[in-house]
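# Secondary and tertiary structure notes
Below, each chain spelled out in residue letters.
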Amino acid sequence: MIPIKFIRENIELVKESLANRNMDIDLDSILTLDNSRRNIIKSVEALKADRNYYSRKIAKQKQKGEDSTAQIKKMQKVSSSIKEYDLELKEVNEKLNQLLLFIPNIPHSSVPRGKSEDDNVVIKSWGEKPNFSFQHKDHIYLAEQHGLVDFKRGAKISGSGYPLYIDKGAKLERALINYMMDQHSENDFTEIFPPFLVNESSVLTTGQLPKFKEDMYYIDKDDMFCISTAEIPVTNIHKNEIINRDELPKKYVAYSACFRREAGSYGKDTKGLLRLHQFNKVELVKFVDPSNSYEELESLLLNAERILQNLNLHYRIIELCTADLSFSAAKCYDIEVWSPADQKYLEVSSCSNFESFQSRRGNIRYKNNDKLEHIHTLNGSGLATPRLFVAILENYQTEDGGIDIPEVLQEYIGIKKIC
């Protein structure tokens with residue numbers, strides 16, 4: 001959350017940030033509310049001073065045995081006015097806080113400016129695209145040919161976007177999850193297995209609410225949300241806590257199923273495993289000292305990259321421009337793996353620095369020279385499995401119709417090839 005004081009004192013910067021994000025928010029109405037709030041506070045403080053004055057005067061009159069009826073009536077009238085102002089202040093604060101929740105984070109100065117995703121910048125490429133000497137197939141054909149994923153029965157059970165992994169397909173999915181969890185644990189990330197249902201406060205902390213409520217599955221009877229990413233429960237581990245500075249950085253890795261309605265996916269490629277309502281993901285979350293949070297972001301990116309390097313999959317890294325940044329991020333990199341069948345890159349990870357945006361919402365602080373300050377939070381997919389599954393099938397397919405298993409996964413799945 002962007003503090004109202006920051007907006008008030010940096011209005012041009014905030015306006016520029018919104019323009020760079022292609023967002024139209026009425027800042028004038030927010031500042032008008034803030035002005036009303038501050039005027040009410042001033043009025044209440046003046047009335048409280050009057051109340052204290054009458055209170056002292058009444059006490060002196062009683063000590064002298066004088067009649068204090070007139071002063072008591074004046075104090076009662078002042079107290080009544082204070083109550084009215086308090087109710088008005090509560091209403092104004094609620095309106096103001098609700099509006100503030102819709103203001104996105106301020107992009108870091110290093111983020112490239114742009115008007116759409118077309119202005120994102122490719123900053124790195126690793127590995128080589130495969131060069132097949134035979135007619136290669138797409139992941140849907142390969143998955144169905146080898147009985148790895150049953151899309152029709154998955155749709156029968158739950159609907160489209162809910163794949164049913166079968167036999168070696170289920171084992172390959174589990175192998176990917178276990179391998180990634182092990183790799184990140186070896187890099188000093190503490191393993192977490194979080195709840196998949198969270199309360200509204202937790203979703204507010206990470207910024208999915210209120211703006212993206214329609215993309216989340218909500219259980220009305222229990223007032224709970226199905227998580228769209230393990231970032232939500234893991235970030236809230238330290239909600240309303242003060243972390244010792246010498247404990248930083250705190251690094252967590254968590255596997256979870258992820259649930260997304262994909263309300264805005266109309267017209268996008270939804271075939272096979274490319275866009276799902278339920279999928280698996282390994283998530284990395286860091287709580288870091290603000291003084292080195294961008295160094296920690298680069299380190300986080302490397303942690304995610306190494307998974308693809310060890311799987312020997314060609315990928316590229318995109319630095320998102322201002323218009324394509326997620327709501328809560330100050331800076332973000334996307335990692336995209338190559339799909340030979342579709343001849344395009346598929347996103348498998350986003351690595352973001354939220355600076356203090358989430359920690360202000362969740363009241364997550366650390367002590368800096370006896371002064372409490374909001375911590376910086378980072379997160380990155382390390383990685384999401386569906387498109388990684390796609391990339392393995394398509395990049396490791398062989399001329400005889402089989403699929404080689406990447407060497408690092410062979411001990412997890414127990415085979416070297418799917419035939």
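For clarity, every value in this text was computed on a predicted model and none was experimentally measured.

Our focus in this paragraph is the environment of valine 203. Here valine 203 shows up in helix α8 (residues 200-206). Considering only alpha carbons, one finds valine 203 and tyrosine 218, 15 residues apart in sequence, at a separation of 11 Å. Apart from the residues within four sequence positions on either side, valine 203 is in contact with Val198, Gln208, Leu209, Met216, Phe225 and Ile232.

Before going further, it helps to examine helix α4 (residues 69-100). Here α4 contains 32 residues, and its C-alpha end-to-end distance of 46 Å stays within 8% of the 46 Å for a straight helix at 1.5 Å per residue. Every buried residue of α4 is accounted for by Gln71, Val78, Ile82, Leu89, Val92, Leu96 and Leu100. Contacts from the buried residues of α4 go to α1 (4-9) and α3 (27-63).

There is a patch of like negative charges on the surface, built from Asp182, Glu186, Glu191 and Glu411. For glutamate 191, the position within the fold is in strand β4 (residues 190-192). Glutamate 191 gets classed as exposed once you look at its relative accessible area, which sits at 51%.

What the three strands build is an open sheet, ordered β8-β14-β15; its pairing is mixed. Taken across any chain shown, the strands that pair with only one partner, and hence form the sheet edges, are β8 (242-243) and β15 (371-374). Judged from the two bridges that link them, β8 and strand β14 (residues 365-368) form a sheet pairing that is parallel. Within the sheet, the bridge partner assigned to isoleucine 243 lies in β14 and is tyrosine 366.

So, on to the nonpolar core. Within soluble globular proteins, side chains that are nonpolar generally end up buried alongside one another. Leu308, Leu313 and Phe389 are the most contacted members of the largest nonpolar core, which has 61 residues in total. Contact partners of leucine 313, with chain neighbours within four places excluded, come to Trp126, Leu308, Val337, Leu388, Ala391, Ile392, Asn395 and Tyr396.

Another point: the domain arrangement of the protein chain. Domains assigned within the protein chain are domain 1 (4-100) and domain 2 (117-418). A separation of 45 Å is found between the C-alpha centroids of domain 1 and domain 2. Each side of the interface is counted separately: domain 1 has five residues, and domain 2 has eight residues. Here domain 1 meets domain 2 over a buried area of about 490 Å², counting both sides, of which 43% is carbon and sulfur. The largest share of the area that domain 1 buries against domain 2 comes from Asn20, Arg21 and Met23, three residues that together contribute 78% of it. If you look at where domain 1 meets domain 2, you find zero salt bridges. Inspection of the region where domain 1 meets domain 2 yields four residue pairs in polar contact (both at pLDDT 80 or more). Residue composition of the side of domain 1 that touches domain 2, by class: one nonpolar, three polar and one charged.

Another aspect to go through is the packing of helix α7 (residues 167-186) against helix α12 (residues 385-395). For the pair α7 and α12, the least separation of the axes is 11 Å and the interaxial angle reads 115 degrees. In terms of axis orientation, α7 runs roughly perpendicular to α12. For the pair α7 and α12, the sense of crossing is right-handed. Contact residues: Gly169, Leu172, Glu173, Leu176, Ile177 and Met180 in α7; Thr385, Leu388, Phe389, Ile392 and Leu393 in α12. Residue composition of the contact of α7 with α12, grouped by class: eight nonpolar, two polar and one charged.

The next point concerns the packing of aromatic side chains. Scanning all chains against the criterion turns up 13 aromatic pairs. For the ring pair phenylalanine 212 and phenylalanine 327, a centre distance of 5.9 Å and an interplane angle of 80 degrees mean the geometry is edge-to-face. Taken together, the positions of phenylalanine 212 in the loop between α8 and β6 (218-219) and phenylalanine 327 in the loop between β11 (315-319) and β12 (331-339) put the pair 115 residues apart, joining distant regions of the chain. Phenylalanine 327 sits in the buried class, given a relative accessible area of 6%.

How each quantity is defined
- Residues numbered from 1 in each chain as written.
- Predicted model: local features only at pLDDT ≥ 70, side-chain atom pairs only at ≥ 80, totals over all residues.
- Heavy atoms only, no water.
- Helix = DSSP H or I, 4+ residues; strand = E, 2+ residues; numbered from the N terminus.
- Contact = heavy atoms within 4.5 Å.
- Expected span 1.5 Å × (residues − 1).
- Buried < 20%, exposed > 50% of the residue type's maximum accessible area, 1.4 Å probe, protein only.
- Patch = residues over 30% accessible without salt bridge, like charges linked within 9 Å, V, L, I, M, F, W, Y side chains within 5 Å.
- Areas by Shrake-Rupley, 256 points an atom, 1.4 Å probe, with all protein chains shown as cover.
- Salt bridge = Lys/Arg side-chain N within 4 Å of Asp/Glu carboxyl O.
- Lys, Arg positive; Asp, Glu negative; His and termini not counted.
- Charge placed at Lys NZ, Arg CZ, Asp CG, Glu CD.
- Pairing = 2+ DSSP bridges.
- Core = buried A, V, L, I, M, F, W, Y, C linked by side-chain atoms within 4.5 Å.
- Domains from an automatic or database assignment.
- Buried area = accessible area lost by both parts, 1.4 Å probe.
- Polar contact = N/O pair within 3.5 Å; in protein donor to acceptor, adjacent residues only side chain to side chain.
- Nonpolar A, V, L, I, M, F, W, Y, C, P; charged D, E, K, R; others polar.
- Axes fitted to C-alpha atoms, helices over the stretch in contact; angles between N-to-C directions.
- Parallel < 35°, antiparallel > 145°, perpendicular 65-115°, else oblique.
- Left-handed = near helix turned anticlockwise from the far one by under 90°.
- Phe/Tyr/Trp six-rings, centres within 6.5 Å; stacked < 30°, edge-to-face > 60°.

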